[in-house]
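# Report on the structure
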Amino acid sequence: PAARELTQNPLQKTWEPYDNGLPAGHSAQRGVCMTNCPTLIVMVGLPARGKTYISKKLTRYLNWIGVPTKEFNVGQYRRDLVKKYKSFEFFLPDNEEGLKIRKQCALAALNDVRQYLSEENGHVAVFDATNTTRERRETIYKFGEENGYKTFFVESVCVDPEVIAANIVQVKLGSPDYVDCSNDEATEDFMKRIECYKNSYETLDETLDKDLSYIKIMDVGRSYLVNRVMDHIQSRIVYYLMNIHVTPRSIYLCRHGESELNLKGRIGGDPGLSVRGKEFAKSLAQFINEQNIKDLKVWTSQMKRTIQTAEALGVPYEQWKVLNEIDAGVCEEMTYEEIQENYPLEFALRDQDKYRYRYPKGESYEDLVQRLEPVIMELERQENVLVICHQAVMRCLLAYFLDKPAEQLPYLKCPLHTVLKLTPVAYGKCNHIYL
Amino acid sequence: ISPPPPSRKRIKVDAERKKTFVLKMPMELTQSRIQKIWLPNDNRPALPRRSCGPQLANSPTVIVMVGLPARGKTYISKKLTRYLNWIGVPTKVFNVGEYRREAVKHYSSYDFFRPDNEEAMKVRRQCAMAALRDVKLYLTEEAGQIAVFDATNTTRERRGMILNFAKENGFKVFFIESVCNDPNVVATNVMEVKLSSPDYRDCNSTDAMEDFMKRINCYQASYQPLDPDDYDRELSLIKVIDVGRRFLVNRVQDHIQSRIVYYLMNIHVQPRTIYLCRHGESEFNLKGRIGGDSGLSNRGKKFAVALNKFVEEQNLKDLKIWTSQLKRTIQTAEALQLPYEQWKALNEIDAGVCEEMTYEEIREQHPEEFALRDQDKYYYRYPSGESYQDLVQRLEPVIMELERQENVLVICHQAVMRCLLAYFLDKSADEMPYLKCPLHTVLKLTPVAYGCRVESISLNIEAVNTHRDRPEEAKKGPNPLMRRNSVTPLASPEPTKKPRINSFEEHVAVSSALPGCVPQEVPTQMPGQ
């Protein structure tokens, strides 16, 4: 049989088979992570155990690595239906009206899950609710089976009263439910709300739930129980969940000081710092000193300009090849004018889809994200870190922390001689300071 | 922002932070010739900087296996060690059973393991101590990073002793316990690796099986499993239950422990086959040019057709096919008329400025680079390109996914295939760039006992030979000065030294006989030498 012709996609530079001029099947691009059937992640746990924190963070991570993911918070559905929250009594186990509404909300959310996964090309849906009874979980599991989804449970178990109190202060007091309450009133009501769930709480059980796929997170990550991981995406989710932590810390992102090629308007290459770039390095040293950061780790790429910048700090640093700037392939060391002259088609294509555009013999932002994933994983493990990198690289990292989608990523502003300080705040990582 | 005016004065020592803060002027760097790493010019002792990524481990770590006999402790020890060495973390297994076989030349029966056999208990304890002494030597004087202490370690007393030992020496400890009560699994393990042990050299299978089961019994009464909920809640550990169905993880301390947990959670013991081959011969191959993105030659296309036939004949259930994103591997896969996945990570090594050149052209235009590559082919990075060391880092997710999968055919490239093969066959960094991976040949890998069987199947389509042997002058070893700032990945210590290049089958024999091996000397390639 005649072999199918291969054509190189002009944007992504990938080779694809064509049958009589039409794109043919059989060939899949390995993104970072392939999912076969959609996955339904089901959160489990009493209130104030970090379920929504985990849902949002996990969703952000999966979207960043290219797995379309969306969270569905049943509490949000409840707030939309019951316009005004009165008190914990809504959650009493014998409040029939309350139970009816809550079940309705759960079903509405599941319906949206089905739409997302089966009609909107979603790959992963995170169903964020207490799901504390076996009965509720069975309903959800059946729903998953009927629709051809794999179900993975994520349970957060914590009995430390200090942790719970801290969670309440951080995210519950500011909830729309308590907009008209004082902090004391809100805390008291919320504690009673938690009590409403305790009697009927059935934790995931070693024997009764032995055939389910799940991870049980205990005491904010001190220990984990992992049961029946079914596939690649579940394995990645488990790995991610086991690496994140909640210890307060700051991440500093900046580019190398201005380089000789920056001065000439040329991209890429491996030049050294310009005079002003060296000045920046010294200012950076001073800035870091003033920040008085405990146990700061410093990371650079393996390109001269970031290493020179780090050298000025006078502290140990680690060089990561994967932090190297995007490879511009045949356009390396050109000016944008030269690229436009010599490669007008490439120049135009890049503006069409800057995220997916791959330089000939080079890389795309999409490739960068895949390359940077181990950096993100290690950043999650670490505490205070300063990453001295490059424009495209910094945009990718920033997009992860600020939850920016692929379309916006290549246009994020990362100017030279500017440090972004990121500190985790409530559900986001959204404080940043331009200095 | 306008930065403050340049100042050359020394900022005073911040006594609380015990750090001198010096403003340096030049920030002068030089690029190392082989690895192309930028290093400061001065003669400061090298700061602990790894060129291959994050510092994987600071203090050395002792991994302590825990579990009844025939629970897969040695299987896990060897596999984990192979993986860690491949990613560049010097690791070695210390199997107490082997020390015992050295001390007690002839094994008579399970009576040796009876808890009331005082003489034997003494010998067994001495063996454990001897092994720990060697662990200490390896981690403190031989640049080892991780030692895997492979023994039953089933009592709290023994584990307490090891924890004290580690504390005295500043080692981290990570426990790996394998718990399995499925009698089928245990029986299979016994048949696969115990019956061929030197202990049962003179027994028939039935007697050996019976004796071994009694041996396991000797441990049952005193077995105290790890208890992360209470007694052992401060320890760092992973409990592997029922061959990976379930895991309990407690207090992961650092990056390397996190990687170890991830690895253990991805491996499995289902029988399966991995096929490795290169793309069919390409147009550039014919011209003697390296790299590039050329299509298949006529012979290359013939190979693709032959590969299709070969795959059909193998009659596999659910074969996954992976290619790189370079045209020649994809064209090869197209002939199979089956779904395949393209991985950019499987692309051939980037030869940077030497892309698309012939070796003659490289020798002419970049003579120094040409010589350097022969000196130290594993660490050598092409200018603006990659090294084998870079390839390993790039391929690690491929290896991880290969571990998760079952039957897979990987259609890739020469350097890439060498890296993958080195992982499966436990070859050192030194050997890796010279492994023979000819065109139009499929390597069929099957897990067997503690290792990997490899069959080399040529599909009998002519092709050029792209292999370059290690040159004579380079054989005496690389310049030690060029090893600064990098650790030499080691192969797990082998039972016997044999020439590797043409002896895949020999390696097969060696691999499956590992249960009977004696502890080995440390390989000769060490950092700083």
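Predicted, not measured: the structure shown is a model, and the values here were computed from it.

In this section: the overall build of chain B. For chain B, the count of helices and strands is 15 helices and 16 strands. Looking at chain B as a whole, 58% of its 529 residues are labelled buried. Pairs at least 24 residues apart make up 71% of the contacts formed inside chain B by residues separated by at least 6 positions. As displayed, chain B offers around 23,100 Å² of accessible surface, 51% of which is attributable to carbon and sulfur atoms.

Below, the discussion takes up the overall build of chain A. Along chain A, the regular secondary structure elements total 14 helices and 16 strands. Here the C-alpha atoms of chain A give a radius of gyration of 25 Å, agreeing with the 22 Å that 2.2 N^0.38 yields for 435 residues. Per-residue burial for chain A yields a buried fraction of 57% across its 435 residues. For chain A, long-range pairs separated by at least 24 residues make up 68% of all intrachain contacts whose partners lie at least 6 apart in sequence. Chain A carries 56 positive and 61 negative side-chain charges, and their two centres are separated by 1 Å.

What follows is about the domain arrangement of chain A. All names here are of chain A. Each domain of chain A was delimited in the assignment, giving domain 1 (39-242) and domain 2 (251-434). Taking the mean C-alpha position of each, domain 1 and domain 2 sit 36 Å from one another. Taken together, the contacts link 14 residues of domain 1 with 15 residues of domain 2. Between domain 1 and domain 2 the total buried area reaches about 1,500 Å² when both faces are included, carbon and sulfur atoms providing 64% of it. Among the residues domain 1 hides against domain 2, the three largest losses belong to Arg60, Trp64 and Val171. Together they make up 50% of the total. Residues Glu373 and Arg236 are paired through a salt bridge, measuring 3.5 Å at the closest nitrogen-oxygen approach.

Side-chain pairs of opposite charge can arise whenever the charged atoms involved come near each other. Overall, the coordinates contain 53 salt bridges over all chains when judged by the stated rule. Of the charged contacts, one joins Lys210 of chain A and Asp211 of chain A as a salt bridge, the two residues approaching to 3.9 Å between their closest N and O atoms. Residue Lys210 of chain A is classed as partly exposed on the basis of its relative accessible area of 43%. Measuring nitrogen to oxygen at the nearest pair gives 2.7 Å for the salt bridge that ties Arg394 of chain B to Glu386 of chain B. Each member of the pair Arg394 of chain B and Glu386 of chain B is classed as buried. If you follow the salt bridges from partner to partner, you end up with Arg78, Arg79, Asp177 and Arg193 of chain A in one network.

The next subject is the sheet that holds strand 9 (residues 237-241) of chain B. Strand order across the open sheet formed by 12 strands is 6(A)-7(A)-5(A)-8(A)-9(A)-10(A)-10(B)-9(B)-8(B)-5(B)-7(B)-6(B), with mixed pairing between neighbours. The strands lining the two open edges of the sheet, one partner per strand, are strand 6 (69-73) of chain A together with strand 6 (91-95) of chain B. Neighbouring strand axes in the sheet, compared pairwise and without regard to direction, differ in orientation by 15° on average. Across five bridges, the pairing between strand 8 (residues 150-157) of chain A and strand 9 (residues 214-218) of chain A is parallel. Across the sheet, Val157 of chain A pairs through a bridge with Met218 of chain A, a residue of strand 9 of chain A. Strand contacts of helix 1 (residues 73-86) of chain B: strand 5 (61-66), strand 6, strand 7 (146-150) and strand 8 (172-179) of chain B, with the helix running at about 160° to strand 6 of chain B, the strand carrying the most contacts. Strands strand 6 and strand 7 of chain B of the sheet are contacted by helix 2 (residues 96-103) of chain B, whose axis makes an angle of about 50° with strand 6 of chain B.

Counting across every chain of the model gives 28 aromatic pairs over all chains. Linked through ring pairs, Tyr85, Phe90, Phe91, Tyr178, Phe190 and Tyr197 of chain A together constitute an aromatic cluster. A cation sits over an aromatic face here: Arg60 of chain A above Tyr400 of chain A, 4.7 Å from the ring centre. The ring of Tyr423 of chain B carries the charged tip of Arg82 of chain B above its face, separated from the ring centre by 4.7 Å.

Further remarks concern the environment of Pro228 of chain B. Tracing the sequence through the fold places Pro228 of chain B in the loop between helix 6 (205-220) and strand 9. Sequence separation between Pro228 of chain B and Asn189 of chain B is 39 residues, and the spatial gap between their C-alpha atoms is 27 Å. For Pro228 of chain B, the contacting residues outside a window of four places in its chain are Arg222 of chain A together with Arg233, Leu237, Lys239, Leu248 and Asn250 of chain B.

As a further point, take the side chain of Glu177 of chain B. For Glu177 of chain B, the location among the structural elements is in strand 8. Excluding residues within four positions of it along the chain, Glu177 of chain B makes contact with Val66, Tyr223, Pro225, Leu226, Ile238, Lys239 and Val240 of chain B.

Take the UniProt feature "binding site: substrate" (unreviewed entry) in chain B next. Residue and element names in this part refer to chain B. Within this structure's numbering, the places UniProt gives as "binding site: substrate" (unreviewed entry) are Arg278, His279, Gly280, Glu281, Ser282, Glu283, Phe284, Asn285 and Arg328. Over a stretch of 51 residues, the named residues converge on one spot in the fold, their C-alpha atoms separated by at most 14.1 Å. Positionally, Arg278 belongs in strand 11 (residues 274-278). Setting aside its immediate chain neighbours within four residues, Arg278 contacts Asn285, Phe303, Ile411, Cys412, His413, Gln414, Met417, Cys437, Pro438, Leu439 and Thr466. Within the structure, Arg278 has its side chain in polar contact with the side chain of Gln414 (distance 3.4 Å). Mapping Gly280 onto the fold places it in the loop between strand 11 and helix 8 (283-287). In this structure Gly280 comes out as buried when scored by relative accessible area, which is 0%. When residues no more than four places from it in sequence are discounted, the contact partners of Gly280 are Asn285, Leu296, Gly300, Phe303, Thr332, Leu439 and His440.

Residues and elements named next belong to chain A. Across four bridges, strand 1 (residues 5-8) lies against strand 2 (residues 15-19) in antiparallel orientation. Looking at strand 2, one finds that Gln8 is bridged to Trp15. Connecting strand 1 to the antiparallel partner strand 2 that follows it, the hairpin turn spans six residues, and Lys13 within it adopts a positive phi of roughly 65°.

Attention now moves to the domain arrangement of chain B. Residues and elements named next belong to chain B. Splitting chain B by domain gives domain 1 (61-266) and domain 2 (274-474). Centre-to-centre separation of domain 1 and domain 2, based on C-alpha positions: 36 Å. Counting from both sides, the interface comprises 16 residues of domain 1 and, opposite them, 16 residues of domain 2. Summed over both sides, the interface between domain 1 and domain 2 buries roughly 1,600 Å², with carbon and sulfur atoms accounting for 63% of that surface. For the domain 1 face of the interface with domain 2, the top three residues by lost area are Arg82, Trp86 and Asn266, together amounting to 50%. Summed over the shared surface of domain 1 and domain 2, the result is two salt bridges. Put simply, Glu396 and Arg259 hold a salt bridge, and the shortest N to O gap is 3.5 Å. The set of elements that each furnish at least two residues to the side of domain 1 that touches domain 2 consists of helix 1, helix 5 (183-194) and helix 7 (255-266).

On to helix 9 (residues 275-291) of chain A, then. Over its 17 residues, helix 9 of chain A extends 25 Å from the first C-alpha to the last, a length consistent with the 24 Å expected when each residue adds 1.5 Å. Asn292 of chain A, located one to two residues past helix 9 of chain A, shows a positive phi value of around 50°.

Quick look at the side chain of Thr273 of chain B now. Relative to the assigned elements, Thr273 of chain B resides in the loop between helix 7 and strand 11. Of the residues examined, Thr273 of chain B reaches a relative accessible area of 10% and is grouped as buried.

Let us now look at the UniProt feature "binding site: substrate" (unreviewed entry) in chain A. Residue and element names in this part refer to chain A. With numbering aligned to this structure, UniProt lists the feature "binding site: substrate" (unreviewed entry) at Arg255, His256, Gly257, Glu258, Ser259, Glu260, Leu261, Asn262 and Arg305. As for its placement among the helices and strands, His256 is situated in the loop between strand 11 (251-255) and helix 8 (260-263). Setting aside residues no more than four positions away along its own chain, His256 makes contact with Asn262, Phe280, Arg305, Thr306, Thr309, Ile388, Cys389, His390 and Leu416. Within the secondary structure, Glu260 sits in helix 8. If near-sequence neighbours (up to four positions away) are discounted, Glu260 is found in contact with Pro271, Gly272, Leu273 and Ser274.

Here the phi dihedral of Arg228 of chain A falls at roughly 50°; this positive angle occurs in a residue that is not glycine. Relative to the elements of secondary structure, Arg228 of chain A occurs in the loop between strand 10 (223-227) and helix 7 (232-243). Given the relative accessible area of 23%, Arg228 of chain A is considered partly exposed. Here Lys36 of chain B, not a glycine, exhibits a phi torsion of approximately 60°, which is positive. When you line up the elements, Lys36 of chain B lands in the loop between strand 3 (29-31) and strand 4 (38-40).

Definitions and limits used
- Residues numbered from 1 in each chain as written.
- Chains lettered and ligands numbered in written order.
- Predicted model: local features only at pLDDT ≥ 70, side-chain atom pairs only at ≥ 80, totals over all residues.
- Heavy atoms only, no water.
- Helix = DSSP H or I, 4+ residues; strand = E, 2+ residues; numbered from the N terminus.
- Buried < 20%, exposed > 50% of the residue type's maximum accessible area, 1.4 Å probe, protein only.
- Contact = heavy atoms within 4.5 Å.
- Areas by Shrake-Rupley, 256 points an atom, 1.4 Å probe, with all protein chains shown as cover.
- Rg over C-alpha atoms; globule rule 2.2 N^0.38 Å.
- Lys, Arg positive; Asp, Glu negative; His and termini not counted.
- Charge placed at Lys NZ, Arg CZ, Asp CG, Glu CD.
- Domains from an automatic or database assignment.
- Buried area = accessible area lost by both parts, 1.4 Å probe.
- Salt bridge = Lys/Arg side-chain N within 4 Å of Asp/Glu carboxyl O.
- Pairing = 2+ DSSP bridges.
- Axes fitted to C-alpha atoms, helices over the stretch in contact; angles between N-to-C directions.
- Phe/Tyr/Trp six-rings, centres within 6.5 Å; stacked < 30°, edge-to-face > 60°.
- Lys NZ or Arg CZ within 6 Å of the ring centre and 35° of its normal.
- UniProt positions renumbered as here; feature names shortened; annotations may be inferred.
- Polar contact = N/O pair within 3.5 Å; in protein donor to acceptor, adjacent residues only side chain to side chain.
- Expected span 1.5 Å × (residues − 1).

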